[in-house]
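If you want the building blocks of each chain, they are given just below.
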Amino acid sequence: MRILHTSDWHLGRTLEGRSRLHEQEEFLNQLCDIASSENVDVVLVAGDVFDSFNPPAAAEELYYDVLERLSAGGTRAVVVIAGNHDSPDRIHAANPLAVKHGISLIGYPGEDLGTGGPPDGARRIRSGRGWLEVFSPKCGETVFLVTLAYPSESRLNECLSDSLDERERQAAYSDRVAALLRSSLSAASENSARLVVGHLYTAGGWESDSERQIQLGGALAVQPNVFADVNYVALGHLHRPQAVANSGVPCRYSGSPLAYSFSEADQQKEVVLVDVNGRKTTTVTPLKITCGKPLKKWVSNSLQEVLEWCADPRNQNCWVELELTRDQPLTASEVDMLRRAHPGLVNIRWRSSVQPDIHEEKRVSELSLVDRFKLFCERKGIQPDQELLDLFLELVNQDNEEAEANETVES
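To keep things clear, this report deals only with the structure shown in the data block. Since this is a predicted model, take the numbers as computed values, not measurements. (Residues numbered from 1 in each chain as written. Predicted model: local features only at pLDDT ≥ 70, side-chain atom pairs only at ≥ 80, totals over all residues. Heavy atoms only, no water.)

Strand pairing in a sheet is mediated by backbone hydrogen bonds. Such pairs are either parallel or antiparallel. With mixed pairing, the 7 strands of this open sheet are ordered in space as S7-S8-S9-S10-S13-S15-S14. Edge positions in the sheet fall to strand S7 (123–128) and strand S14 (242–243), since each of these pairs with one other strand and no more. Contacting strand S8 (131–136), strand S9 (141–148) and strand S10 (193–199), helix H6 (residues 166–185) runs over the sheet at an angle of about 155° to S9. (Pairing = 2+ DSSP bridges. Helix = DSSP H or I, 4+ residues; strand = E, 2+ residues; numbered from the N terminus. Contact = heavy atoms within 4.5 Å. Axes fitted to C-alpha atoms, helices over the stretch in contact; angles between N-to-C directions.)

Next comes the structure, spelled out in structure tokens:
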């Protein structure tokens, strides 16, 4: 049986307000091409389908379209679990329609979807709390899947530890996930391949800036040795593609298909192809993703050099973060000129080339509110005019008035 592992699509996510939907659509097209060309039997989507609980309609349209295409008329099984960015109920809601196409949508940890599917297609032949067994008509075999949709304490509806000690909370959470795995695996068929598809953080995983934390001080990290007696563990949450060390079994994060922050500028994105032969052998093959605009970091001390880079055709189809070092911050007209020269210029940061006199430099906390706002703007490469300063003060005063009104109501 051949399985395709992907995760962290984050449909609807933007880059500093710039839409990525076209790039996300390119990825989903490539994903469907891979599923077809590689003769995939089962597709696993390990969470964070969307970037928010209430994604834009265009993102939902992409999602439902790709599910139908991946299912190949009900002949290919598709299993989707909710991540921390997803609304569990939103992910689960389409199951009455999805099951007719051989698609399983799991919103909560421990969820039991029941059996069902096309009579002659991909279908769930057995299921229970936190697991399901799927039959693939393409290869005539079954696979046993443990499903760990984002297992937070709130979604598990459990308080796992009363302790405030981080190590004790860590141990309690990891033990609870291990117990969920053992309970689900106890129902596994003897000869079927066994896989885990989960959305969680494993201790020692390599993070990126684009991930919003799902653990507090490491308290929700799972020890990698909780995974045992399975062919493969398909994980989502971390955006950097990587193998999980010390897991004892083949275990990978497929990572996000696009770079969602400039900390991922040099990452090669991928999906993972997994070949299993019952309980006998497992082969794991990462496949490169070639779509999406690259993210580039430019560092210069010359505005003219930056303009030359902007004009270079090789630099047109990318997102750019610029750091410019010179004695004076960029003027508003210079910032406007740069943005017109390169529409993909996302962040512009100014770094002063003048070494400050530490004896004369005030602490930021000692500056007035207006001076702190001016400093913030200058570090962003903006020279604030009086109109902007007046607007800032107006918003601050409005916020203070609302806070005072709320305090009066509460008292």
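What follows deals with the packing of helix H1 (residues 21–37) against helix H2 (residues 57–71). For any two helices packed against each other, the geometry comes down to the angle between their axes and how far apart the axes lie. Interhelical geometry of H1 versus H2 gives an angle of 5° and a closest axis separation of 10 Å. Overall, the two elements H1 and H2 adopt an arrangement that is roughly parallel. Contacts from Leu21, Glu25, Leu28, Asn29, Leu31, Cys32 and Ala35 of H1 reach H2 at Ala58, Ala59, Leu62, Val66, Arg69 and Leu70. Tallied by class, residues from the contact of H1 with H2 come to 10 nonpolar, 1 polar and 2 charged. (Parallel < 35°, antiparallel > 145°, perpendicular 65-115°, else oblique. Nonpolar A, V, L, I, M, F, W, Y, C, P; charged D, E, K, R; others polar.)

Let us look at unusual backbone geometry. Positive phi values are uncommon outside glycine, yet His10 reaches one of about 55°. Relative to the helices and strands, His10 is located in the loop between strand S1 (2–6) and strand S2 (14–15). The exposure class of His10 is buried, given its relative accessible area of 0%. The backbone of Asp48 sits at a positive phi, close to 55°, despite the residue not being glycine. (Buried < 20%, exposed > 50% of the residue type's maximum accessible area, 1.4 Å probe, protein only.)

Moving on, we get to the layout of surface pockets. Approximately 230 Å³ is the volume attributed to the second largest pocket. When residues of the lining of the second largest pocket are traced back to their parent elements, those giving at least two are S9, helix H5 (153–156) and H6. Looking at which element gives the most residues to the lining of the second largest pocket, the answer is H6, with 6 residues. For the lining of the second largest pocket, the class distribution of residues is 7 nonpolar, 5 polar and 4 charged. (1 Å grid on protein atoms, 1.4 Å probe; cavity = no way out; pocket = protein on both sides within 12 Å on 5 of 7 lines; lining within 4 Å. Points joined across faces, edges and corners; volume = space filled by probe spheres on them.)

It is worth spelling out empty space enclosed by the protein at this point. Within the structure shown, the criterion is met by 2 cavities of 30 Å³ or more. For the second largest cavity, the calculated volume is near 30 Å³. Contributing to the lining of the second largest cavity are Ala77, Val99, Gly102, Ile103, Ser104, Gly116, Ala122, Arg123, Arg124 and Val134. If you list the elements that add at least two residues to the lining of the second largest cavity, you get strand S6 (103–106) and S7. Taken together, the residues that form the lining of the second largest cavity break down as 5 nonpolar, 3 polar and 2 charged.

This part takes up the pattern of salt bridges. All told, the structure shown has 17 salt bridges when counted by the stated rule. Arg13 is paired through a salt bridge with Asp51; the nearest N and O atoms lie 3.6 Å apart. Here Arg13, found in the loop between S1 and S2, pairs with Asp51, found in the loop between strand S4 (42–46) and H2; they are 38 residues apart in sequence, far enough to count as distant. Since its relative accessible area comes to 14%, Asp51 is described here as buried. Glu323 is the partner of Arg351 in a salt bridge, and the nearest nitrogen-oxygen pair spans 3.0 Å. Here the residue Arg351 occupies a position in strand S20 (residues 345–352), and Glu323 occupies one in strand S19 (residues 319–326), the gap between them amounting to 28 residues. A relative accessible area of 23% means that Glu323 is categorised as partly exposed. Linked by salt bridges that have partners in common, Arg2, Glu38 and Asp275 make up one network. (Salt bridge = Lys/Arg side-chain N within 4 Å of Asp/Glu carboxyl O.)

That is the geometry; function is a separate question.
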